[in-house]
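Here's the letter readout for the chains.
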Amino acid sequence: MDALELAEETMAQRAARLKRERAAASREEARAMKRARLDWADLPSEILVLVMQMVAEMPAEDTEDPRRETHRLGAVPTVPRVASVCRGWRHAVASDPRALWRVVDLSYGWARPSDAIVRRYCANGDWARLTALTLADCAVLTDASLRALHQHCPELVSLDVSGTSKMTLGGMKPLSERLTGLTLDRVKQPSMGATNRLVSGMLTDKLTRLSVADVTGLDRGFIRNLHKCCGPALRHLNLSHSGMHHQNLPWLELQRSCPNVETLLLNGFGGASGWSTVPNAQGAAFAGDVPGWQNLKTLHVGAATRTHSTGHSLTPSYVDAFVLDALTRNANVEDLDVTGCAISAVHLWGIPSLWLGALKCLRAAKTGFASDEGIEFLAARDRPWATSLAQSLETVELGTSHMNANDVSDRGLDVLSHNLANLRALGVAGSDITDRALERLVDARHKTLRIVDVLGCRGLSRAARQAAHRGEPLQIRAAIRKERGETVSDEDEENDDDEEEYSIPRRRAAARAVDRFEEILDSDDDANENWIDEEENDEEEEEENEDEEHDEEEDAISVSLAAPAPAQTGALKIVMRRR
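Every chain is numbered independently, its residues counted from 1 as its sequence is written. With pLDDT at 70 or above as the cut-off, local features in this predicted model cover only qualifying residues; side-chain atom pairs require 80 or more to be listed or tallied, and sums for whole chains, interfaces and linings still use all residues. Calculated side-chain values reflect all of the structure's heavy atoms, with hydrogen atoms and water omitted.

> An account of the overall build of the protein is requested, with residue identities and associated values reported.
Here a helix means four or more residues in a row that DSSP labels H or I, a strand means two or more in a row labelled E, and each is numbered from the N terminus. Looking only at helices and strands, the protein has 24 helices and 17 strands in total. Only protein chains enter the accessibility calculation, which uses a 1.4 Å probe; a residue whose area is less than 20% of its type maximum is buried, one above 50% is exposed, and one in between is partly exposed. Across the 579 residues in the protein, those meeting the buried criterion constitute 45%. Residue contacts are defined here by distance: any two heavy atoms, one from each residue, within 4.5 Å place the two residues in contact. Counting contacts in the protein only where the partners sit at least 6 residues apart, residues at least 24 apart contribute 75% of the total. When the accessible area of the protein is evaluated, it comes to approximately 31200 Å², of which 50% is carbon and sulfur surface. Accessible areas in this description were obtained via Shrake-Rupley with a 1.4 Å probe; residue shielding takes into account the shown protein chains only.

Here you go:
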């Protein structure tokens, strides 16, 4: 169109023209995308199955991933979902189902399998290459499912039957010959003796991963014979919160028979009575030959926590600094949990081989570490491990919501801020720190520090405690400086603005957006033309035409009413206006 036609073009014509141009551009873009589109259904079925297999498989060591609470990564629900996408994908799944059904999670709450379902998948050959199966909390499953797995799943090496009660030792025993990973958490049997026979009967020297957590009926015989049944293949051992009587851990025999242990989880072991070492390593450095676990990376020996109507309490712990030294001898532990243990800050200085230059995570609430003296021992620069520990330690938990760090003050916090270069998360809830020390910590470690737990610290100002609910260090520092009336840095201002925008209610945000939109529309005529909605404009034109017709009808009716009405009898004329 030339300049004269554009000048004479009305608003309605311009809107219609723009609408046609956009529709034409959209059609052209759709055609271009269709020409360049890669149709997954046209790929070879072998390639599709390979991609689906990578999505469907989840290694057995990832079963403790917290994402499993909301995201399932195994064959369920991956295989049913991809089979429902299109015909090509459904044919790809049907072409080689054995390659996809290798890691299956049918735990209760996500699925509700029965013996018939398990036997059907085993009989039709879909689970012929099954390697890992999770049947946690499936209370209806019996030995019939185990017999089908033993008969039709020759490659099954990892089994999780946590929380089951109808599976017996007779059904599980044939599978024990091939299993390398076994999870028996919360298993239930008619009696405590049957529970112990089930757990003890499944022990073999082929196991690389054994978890018997939350089994309160576990007796001392199982622990006493554990090192006799397991061998050098064992890598992961979890006995957390198992046993209801005082337990004796044969740590020296375990180190000799299972020297390759990498993860040892004993939190709450022994229940309310705790556990001790045999031979006794408590109270004095063990003078015997200690081979140690040279591959040990994770060690959790924290005491159990009991909840009462009046609060929380810790069960007795017999793990002191000497027991910890015996368990970590010749090891490079990266994750250590000693919460509630009988570790005194005075005894720490007498342990020569405790550290631990590769430590990344330390949880030590209600111990000698949760004090200024313990922090100085941990992070002092004159210790042999100081250089490596300053670079490796990332998480330090010295206090929680129900275990306050009462003995940590500004002195200990300054040591942490100066000596730990890669500190990312710090928990000192209930400590005796002040705003100044916390500000110095954020100033020194704001590039790496992500979470600070200072809840319940009465030495902090009210503004700092309120900002600490989200645990973000920069917000806490900004609140401290605002409380003193000082200028807040640009970095803190940006973070604070993000928080303010996050906390704005939806109605206020919507009102601000509408106000901004009206300002743009009222700014100039060009902006008004650019913001015109063509469909809305067409509707307005139709409404205007209807209004004009409506006005003409009202005029005609008013004229007819003004004329003298002829005399009529026996009838009543009703005039209805159409809106």
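Text resumes after the structure shown.
> An account of the packing of helix H15 (residues 372-379) against helix H17 (residues 410-419) is requested, with residue identities and associated values reported.
Contact geometry of H15 with H17 gives a least axis separation of 8 Å together with a crossing angle of 15 degrees. In terms of their interaxial angle, H15 and H17 are classed as roughly parallel. With respect to the hand of their crossing, H15 and H17 are arranged in left-handed fashion. Residues Asp-372, Glu-373, Ile-375, Glu-376 and Ala-379 of H15 form the contact with H17, whose own contacting residues are Arg-411, Gly-412, Val-415, Leu-416 and Asn-419. Convention adopted: a line fitted to C-alpha atoms gives each axis, helices being fitted over their contacting stretch, and angles between N-to-C directions are expressed from 0 to 180 degrees. Reported orientations rely on four angle classes, namely roughly parallel under 35 degrees, roughly antiparallel over 145, roughly perpendicular from 65 to 115, and oblique for the rest. The sense of a crossing depends on the near helix, which, turned anticlockwise from the far helix by less than a right angle, makes the crossing left-handed and, turned clockwise, makes it right-handed.

> Please set out unusual backbone geometry residue by residue, giving values where relevant.
For the bond from Val-278 to Pro-279, the omega torsion is 0 degrees, close enough to zero to count as cis. With a phi close to 60 degrees, His-241 is a non-glycine residue in the positive phi region. In this structure, His-241 sits in the loop between strand S6 (236-238) and strand S7 (247-249).

> I'd like a description of the packing of aromatic side chains, backed by residues and values.
For Phe, Tyr and Trp, where Trp contributes only its six-membered ring, two rings pair if their centres lie within 6.5 Å, and the inter-plane angle classes them as stacked under 30 degrees, edge-to-face over 60, or tilted in between. Taken as a whole and assessed by the stated rule, the structure comprises 3 aromatic pairs. Judged by centre distance (5.2 Å) and plane angle (50 degrees), the rings of Trp-101 and Tyr-121 are tilted. A residue pair is termed long-range when its members are at least 10 positions apart, and Trp-101 in the loop between helix H5 (87-95) and strand S1 (103-105) and Tyr-121 in helix H6 (residues 115-123) qualify at 20 residues. Aromatic side chains Phe-269 and Trp-275 sit 6.2 Å apart centroid to centroid with 55 degrees between the ring planes, which places their arrangement in the tilted category. Taking the relative accessible area as the measure of exposure, Trp-275 reaches 4% and is therefore buried. The structure contains a cluster of three or more aromatic residues connected by ring pairs, namely Trp-101, Tyr-121 and Trp-127.

> Can you tell me about a nonpolar patch on the surface, naming the residues and giving the values?
Patches were defined on residues exceeding 30% relative accessible area and lacking a salt bridge, with like-charge contacts within 9 Å and nonpolar side-chain contacts (Val, Leu, Ile, Met, Phe, Trp, Tyr) within 5 Å. By definition, a salt bridge exists where a carboxyl oxygen of Asp or Glu is found within 4 Å of a side-chain nitrogen of Lys or Arg. A cluster of nonpolar side chains, Ile-47, Val-51 and Val-55, forms an exposed patch at the surface whose accessible area comes to about 230 Å². Along the chain, Val-51 turns up in helix H3 (residues 45-56). Val-51 gets classed as partly exposed once you look at its relative accessible area, which sits at 34%.

> Explain the packing of H17 against helix H18 (residues 435-445) residue by residue, including any values.
The geometry of H17 relative to H18 is characterised by a closest axis approach of 9 Å and an angle of 5 degrees between their N-to-C directions. Judged by the angle between their axes, H17 and H18 are roughly parallel. Side by side, H17 and H18 meet where Asp-410, Leu-413, Asp-414, Ser-417, His-418 and Asn-419 of the first sit next to Ala-437, Leu-438, Arg-440, Leu-441, Ala-444 and Arg-445 of the second. Its residues placed into classes, the contact of H17 with H18 shows 5 nonpolar, 3 polar and 4 charged. Classification convention: Asp, Glu, Lys, Arg as charged; Ala, Val, Leu, Ile, Met, Phe, Trp, Tyr, Cys, Pro as nonpolar; all other residues, Gly among them, as polar.

> Talk me through the pairing of strand S15 (residues 395-399); I want residue IDs and the actual numbers.
Where strand S14 (residues 361-363) and S15 come together, 3 bridges link them in parallel fashion. Each bridged residue has a counterpart across the sheet, and for Arg-363 the counterpart in S15 is Glu-397. Note: two strands are recorded as paired if DSSP finds a minimum of 2 bridges between them. Looking at chain direction, S15 and strand S16 (residues 425-428) are connected through 4 bridges and run parallel. Its bridge partner being in S16, Thr-395 is matched across the sheet by Ala-425. Where the polypeptide runs from S15 across H17 and back to S16, its parallel neighbour, the crossover connection is right-handed. The path from the first strand over the helix to the second decides the hand: if it runs clockwise while the strands point away from the viewer, the crossover is right-handed.

> Let's hear about the pattern of salt bridges: which residues, and what values?
In total, this model carries 15 salt bridges according to the counting rule given. The salt bridge partner of Arg-484 is Glu-439, with a shortest N-O separation of 2.9 Å. Here Arg-484 is found in helix H20 (residues 473-484), whereas its partner Glu-439 is found in helix H18, with 45 residues between them in sequence. You can call Arg-484 partly exposed: its relative accessible area is 30%. One network of salt bridges, in which partners are shared, links Glu-439, Asp-443, Arg-477, Arg-481, Arg-484 and Glu-486.

> Which residues make up the confidence of the model for the protein, and what values go with them?
The pLDDT score gives, residue by residue, the confidence of the prediction method on a 0 to 100 scale. With 75% of its residues at a pLDDT of 70 or more, the protein shows a mean pLDDT of 78. Predicted confidence is poor over residues 59-63, with pLDDT under 50, and the contacts of this stretch with residues over four places away or in other chains come to 6 contacts.

> So, H20: which residues are in play, and what are the values?
Count 3.6 residues to each turn of an α-helix, and residues three or four apart come out pointing the same way. By this rule the span expected of a helix is its residue count minus one, scaled by 1.5 Å. In a regular helix each residue adds 1.5 Å, so 12 residues correspond to 16 Å; H20 covers 17 Å between its end C-alpha atoms and thus fits that length. Counting buried residues in H20 gives 9 out of 12 residues, a clear majority hidden from the surface. Among the residues of H20, those classed as buried are Pro-473, Leu-474, Gln-475, Ile-476, Arg-477, Ala-478, Ala-479, Ile-480 and Arg-481. Two residues or fewer past H20, Gly-485 is found with a positive phi of approximately 80 degrees.

> Kindly report on the environment of Leu-416, identifying the contributing residues and their values.
Counting through the fold element by element, Leu-416 comes out in helix H17. By relative accessible area, which is 0% here, Leu-416 ends up buried. Counting along the chain gives 10 residues from Leu-416 to Leu-426, while the straight-line C-alpha distance between them is 9.4 Å.

> Let's hear about H5: which residues, and what values?
Along H5, the residues classified as buried are Trp-89, Ala-92 and Val-93. Along the long axis of H5, the arc covered by the buried residues comes to 100 degrees, so they all point the same way. Seen from the buried face of H5, the exposed residues on the opposite side, beyond 90 degrees, are Arg-87 and Ala-94. Contacts from the buried residues of H5 go to H3 and helix H4 (75-83). Note that the arc is computed from the directions linking the helix axis to the C-beta atoms.

> Requested: an account of the state of the cysteines, with residues and values cited.
Pairs of cysteine sulfur atoms within 2.5 Å are what we label disulfides. A full pass over the atoms with the stated rule returns 0 disulfides. For Cys-229, which is in no disulfide, the shortest distance to another cysteine sulfur is to Cys-230 and amounts to 6.4 Å.

> I'd like a rundown of the environment of His-150, residues and numbers included.
With respect to the element layout, His-150 can be found in helix H7 (residues 143-152). By relative accessible area, His-150 is classed as partly exposed at 32%. On a C-alpha basis, the gap between His-150 and Arg-178 in space is 9.5 Å, while along the polypeptide they are 28 residues apart. Apart from the residues lying within four places of it in its own chain, the contact partners of His-150 are Pro-174, Leu-175 and Arg-178. Throughout this description, a polar contact denotes any pair of N or O atoms lying within 3.5 Å of each other; where both atoms belong to protein, one of them has to be capable of donating a hydrogen while the other can accept it, and for residues adjacent in sequence the pair is counted only when both atoms sit in side chains. A distance of 3.1 Å separates a polar atom in the side chain of His-150 from a polar atom in the side chain of Arg-178.

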